[in-house]
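For reference, the chains in residue letters:
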2 protein chains.
Amino acid sequence: MENKRELFQILTRRFGILNKNCCAGDDIEISTVHSHILYEIDKQHIPTMQQIADTLAIDVTTFSRQIQTLIKMNLVSKSPSSDDKRFYVLTLTNEGHNMAQSVESSMNSYLNEVFSHMNEFEQETVLRSIKLLNNAMAKSSVCCTPLI
Amino acid sequence: MENKRELFQILTRRFGILNKNCCAGDDIEISTVHSHILYEIDKQHIPTMQQIADTLAIDVTTFSRQIQTLIKMNLVSKSPSSDDKRFYVLTLTNEGHNMAQSVESSMNSYLNEVFSHMNEFEQETVLRSIKLLNNAMAKSSVCCTPLI
DNA sequence: TCTTTTATTTGTAAAATGCAAGTATATATT
DNA sequence: AATATATACTTGCATTTTACAAATAAAAGA
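The residue numbering used here restarts from 1 in each chain and proceeds along that chain's sequence as written. Whichever chain is written first is A, and whichever ligand is written first is 1; the rest continue in order. A pLDDT threshold of at least 70 governs which residues receive local features in this predicted model, and a stricter bar of 80 or more applies before side-chain atom pairs are shown or counted, although totals over entire chains, interfaces and linings include all residues. Side-chain metrics in this entry use all non-hydrogen atoms of the structure; hydrogen atoms and water are not considered.

Describing the interface of chain B and chain A
Where the parts come together, the accessible area they lose is often given as the size of the interface.
Working step 1: With 60 residues of chain B at the interface, the matching set in chain A holds 60 residues.
Working step 2: Summing both partners gives a buried area of about 6,400 Å² for chain B against chain A, and 66% of it is carried by carbon and sulfur.
Working step 3: On the chain B side of the interface with chain A, the three residues burying the most area are Lys4(B), Arg5(B) and Arg14(B), jointly 13% of the side's total.
Working step 4: Counted as salt bridges are all cases of a side-chain nitrogen of Lys or Arg within 4 Å of a carboxyl oxygen of Asp or Glu. The tally of links from chain B across to chain A stands at 6 salt bridges.
Working step 5: Ionic pairing is found between Glu6(B) and Lys43(A), a salt bridge with its closest N-O pair at 3.3 Å.
Working step 6: In protein, a polar contact means a hydrogen-donor-capable atom and an acceptor-capable atom, both N or O and within 3.5 Å, with residues adjacent in sequence counting only if both atoms are side-chain atoms; elsewhere, any N or O pair within 3.5 Å suffices. At the junction of chain B and chain A, the tally comes to 25 residue pairs in polar contact (both at pLDDT 80 or more).
Working step 7: Per the convention used, a helix needs a DSSP run of H or I reaching at least four residues, while a strand needs a run of E reaching at least two, with both numbered from the N terminus. Elements with a minimum of two residues in the side of chain B that touches chain A: α1 (4-20), α2 (32-43), α5 (94-115) and α6 (120-139) of chain B.
Working step 8: Of all the elements, α1(B) adds the most residues to the side of chain B that touches chain A, at 16 residues.
Working step 9: Polar here means any residue outside two lists: the nonpolar Ala, Val, Leu, Ile, Met, Phe, Trp, Tyr, Cys and Pro, and the charged Asp, Glu, Lys and Arg; Gly therefore counts as polar. Looking at the side of chain B that touches chain A, its residues break down into 31 nonpolar, 15 polar and 14 charged. The criterion used for residue contact is that any of the two residues' heavy atoms lie within 4.5 Å. Once two parts are joined, some of their accessible surface, as seen by a 1.4 Å probe, is lost; buried area is that loss totalled over both.

Written out as structure tokens, the structure is:
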């Protein structure tokens, strides 16, 4: 049987390509990394800089600059936390939220197209498997230990 | 049910993190992109520059420079094709082959660890699902059309 | 022979990255 | 309270990565 690595290598490479083309909004375009940042800010409840950087395994200093870019693009806003002024909390602007939605729906329609090449049963099995895999990774010591 | 995108987002992000830590050989360390290049040169039979660049969806000009780096690191060698001198064919050096092996075994042991958190049946199901998914992606019009 | 196509490289300029060192705020120690 | 230490984030570099446009070089077509 083919080894695991080959299967995953191909899968993630392809998903990466999907992700690359995902990120055109109404008028502006953003990078894959930026789309992940928007995604996580949307998902986590008023996160701090550190939280998102950790989740995405991005160096904080790099992340700091990425946020600066996203703020300039008017997609993200950053405000000092009231109880501890060392922290900054991140939120999406309306524009950022729209962009996140736009990426979300592009990705979902891409994935629906991909899934359309499988029958109902296969689709179910695949989704269940991805969940199993995500859970296994969450338990793993070699992967993603401090991550959500 | 959670949407597909979320499941895939998390999966591929985690796999990306695995990949990041994968690439330490005996003494030198390489980037994820470089490890993918070595992987593909090893897999494809005496490929040309263009072939690998296309497979990995990397811009050829960027790829040209990446190969230059890998040659300097003595992991790859490049020679003009005898029948058509516009082409250059790529091969791994012994050192490059060792590196590819080393990455391969790191990745497989990471993945084995991840899989150890599932039972036999789940493991089978997951592997079968990844294959299904790869086939579906290969048929897809939105993903990876010119790719293997 | 002359033009066009194909494979690859270089020029240049922008963006992404990450370490070391900085600032600013909070907590711990004395 | 004063000083030291820790934490969250930013900036200064210096390197690496990226990609468009233009160049080179070889093959194929007219």
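Digging into the relation of the copies chain B and chain A
Working step 1: Least squares is the method for superposing the copies, and the C-alpha atoms it fits come from residues with pLDDT of at least 70 in both. For the pair chain B and chain A, the superposition axis carries a translation of 0.0 Å, the fit reaches an RMSD of 0.1 Å, and the rotation angle comes to 180°. The symmetry that links the two subunits is that of a two-fold axis. The position closest to the rotation axis in chain B is occupied by the C-alpha of Thr12(B), lying 2.9 Å away.
Working step 2: The fraction of interface residues of chain B whose copies in chain A are also interface residues reaches 100%, indicating that both copies meet through the same surface.

Some details on the environment of His117(B)
Working step 1: Among the secondary structure elements, His117(B) is positioned in the loop between α5 and α6.
Working step 2: Throughout, exposure labels follow a simple rule: accessible area from a 1.4 Å probe, protein chains only, divided by the maximum for the residue type, with under 20% read as buried, over 50% as exposed, and the rest as partly exposed. Look at His117(B) and you get partly exposed, because its relative accessible area is 28%.
Working step 3: Expressed as a C-alpha distance, the spacing of His117(B) and Ala100(B), which sit 17 residues apart in the sequence, is 26 Å.
Working step 4: Setting aside its immediate chain neighbours within four residues, His117(B) contacts Ala136(A), Lys139(A), Ser140(A) and Ser141(A).

Examining unusual backbone geometry
Working step 1: If you check the backbone angles, Ile46(A) has positive phi at about 45° while not being a glycine.
Working step 2: A residue is classified by how much of its surface remains accessible, and Ile46(A), at 43% relative accessible area, is partly exposed.
Working step 3: Here Ala57(B), not a glycine, exhibits a phi torsion of approximately 55°, which is positive.
Working step 4: Locating Ala57(B) in the fold gives a position in the loop between α3 (49-55) and α4 (60-72).

Thoughts on the protein's contact with DNA strand C
Working step 1: Here a residue is considered near a molecule or strand provided that any single heavy atom belonging to it is located within 4 Å of it. The environment of DNA strand C is formed by 20 residues, the closest being Gln66(A), Met49(B), Ser64(B), Arg65(B) and Lys78(B).
Working step 2: Backbone atoms, meaning sugar and phosphate, form 64% of the atoms of DNA strand C found within 4 Å of the protein.
Working step 3: A distance of 2.8 Å separates a base oxygen of DNA strand C from a polar atom in the side chain of Arg65(A).
Working step 4: Counting only elements with at least two residues in the surface near DNA strand C, the list comes to α4 (60-72) of chain A together with α3 and α4 of chain B.
Working step 5: In terms of residue class, the surface near DNA strand C is built from 3 nonpolar, 8 polar and 9 charged.

Brief notes about the protein's contact with DNA strand D
Working step 1: Inspection of the region around DNA strand D gives 20 residues, with Met49(A), Ser64(A), Arg65(A), Lys78(A) and Gln66(B) positioned closest.
Working step 2: Counting only the atoms of DNA strand D within 4 Å of the protein, the fraction contributed by sugar and phosphate is 65%.
Working step 3: A distance of 3.2 Å separates a phosphate oxygen of DNA strand D from a polar atom in the side chain of Gln68(A).
Working step 4: Between DNA strand D and Arg86(A), the relevant distance is 3.3 Å, taken from a sugar or linking oxygen to a main-chain nitrogen or oxygen of the residue.
Working step 5: Counted by class, the surface near DNA strand D contains 3 nonpolar, 8 polar and 9 charged residues.

Brief notes about the side chain of Glu40(B)
Working step 1: Within the element layout of this structure, Glu40(B) appears in helix α2.
Working step 2: Judged by its relative accessible area of 2%, Glu40(B) falls in the buried class.
Working step 3: A distance of 2.9 Å separates a polar atom in the side chain of Glu40(B) from a polar atom in the side chain of Arg13(A).

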